[in-house]
Amino acid sequence: MVSPISSSPVLTQDELKKIAAYKAVDYVESGMVLGLGTGSTAYYAVNRIGELLKQGKLTNIIGIPTSKKTEEQAISLGIPLSDLDTHPVLDLAIDGADEVDTYLNLVKGRGGSLLREKMVEGACKKFVVIVDESKMVKTLGGSGLAMPVEIVPFCWNFTAKRLERLFSDAAGCVAKLRVGDTGKPFMTDNMNYIVDLYFKGEMGDLKVVSDEILRLAGVVEHGMFIDMATTVIVAGECGITVKNK
Ligand SMILES: O=C(CO)[C@H](O)[C@H](O)COP(=O)(O)O
């Protein structure tokens, strides 16, 4: 069902992200252990959680950040933090996504935090994804944008070529090493590299593709989050849509 947002004319993408994020924070209850996502949409959710804690409307929250950046943000807001060693089961995680398909499978990691995101969000009872409507796709990889894969730096080119070769028969893809602002390879929080895969066609069976990628030595994790989201909140010009698994 679509709930109208407002009668104002055109909302920016940032406004839509904020609307989805605030809606997701309605799912947060005092006493919860929360996975705190990474990216420009999750940023709004983390800020809102900090605001509600400050106002005393939420109490006893423990956050588990999915990146160093989110950790810094949470610390600046006074959100108490922990880790998966101490809290191996989380009540809820809220995070953005780069693509969401019709089955609520996701591509994540264009912000570079896919490994920690997958670890934290895989340990949650509920995983609420927040997106603006531009992230909705029919099939993953279909936006023509990147599907990130975290790899070890050792002989990264060898691993990138092997990733390309995996798809040479079917979809076909180009693997590009992600480069940071300084012109050097982008480094993840785990001191790994990211290779972005650009598909020419449909990826095919996602579980098969996932297994094949993970079987390559040198690959740490990929950005497909299959069967993980329990709820997706989509903010669009016509309103908010909540999709449940
Ligand atoms: O997976 C992610 C970071 O690794 C982000 O959640 C994803 O890139 C979406 O980011 P944004 O909300 O800025 O569009």
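Residues numbered from 1 in each chain as written. Predicted model: local features only at pLDDT ≥ 70, side-chain atom pairs only at ≥ 80, totals over all residues.

What to know about the packing of helix α2 (residues 40-54) against helix α3 (residues 68-77)
Here is step 1 of the chain: α3 packs onto α2 with a crossing angle of 20° between their chain directions and a minimal axis gap of 9 Å. Viewed along their axes, α2 and α3 adopt a mutual orientation that is roughly parallel. Helix-helix and strand crossings are classified by hand; for α2 and α3 the assignment is right-handed. For the pair α2 and α3, the contacting residues are A42, Y43, V46, N47 and G50 in the first and T70, Q73, A74 and L77 in the second.
Here is step 2 of the chain: Residue classes in the contact of α2 with α3 are distributed as five nonpolar, four polar and no charged. (Axes fitted to C-alpha atoms, helices over the stretch in contact; angles between N-to-C directions. Helix = DSSP H or I, 4+ residues; strand = E, 2+ residues; numbered from the N terminus. Parallel < 35°, antiparallel > 145°, perpendicular 65-115°, else oblique. Left-handed = near helix turned anticlockwise from the far one by under 90°. Contact = placed C-beta atoms within 7 Å. Nonpolar A, V, L, I, M, F, W, Y, C, P; charged D, E, K, R; others polar.)

Quick notes on the site of the ligand
Here is step 1 of the chain: Of all residues adjacent to the ligand, which total 18 residues, the nearest are G39, S40, T41, G96 and G111.
Here is step 2 of the chain: At the level of secondary structure, the elements contributing two or more residues to the shell around the ligand comprise α2 and α4 (114-121).
Here is step 3 of the chain: Among the residues forming the shell around the ligand, the class breakdown is three nonpolar, ten polar and five charged. (Near = placed C-beta within 6 Å.)

Considerations on the sheet that holds strand β12 (residues 224-225)
Here is step 1 of the chain: Spatially, β5-β6-β12 is the arrangement adopted by the three strands of the open sheet, whose pairing is antiparallel. With partners counted over all chains shown, the strands left at the sheet margins are β5 (99-100) and β12, one partner each. (Pairing = 2+ DSSP bridges.)

Points about the environment of P80
Here is step 1 of the chain: Here P80 lies in the loop between α3 and β4 (90-95).
Here is step 2 of the chain: Judged by the 11 C-beta atoms lying within 10 Å of it, P80 falls in the exposed class.
Here is step 3 of the chain: When residues no more than four places from it in sequence are discounted, the contact partners of P80 are I61, I62 and G63. (Buried ≥ 20, exposed ≤ 12 C-beta atoms within 10 Å, placed from the backbone.)

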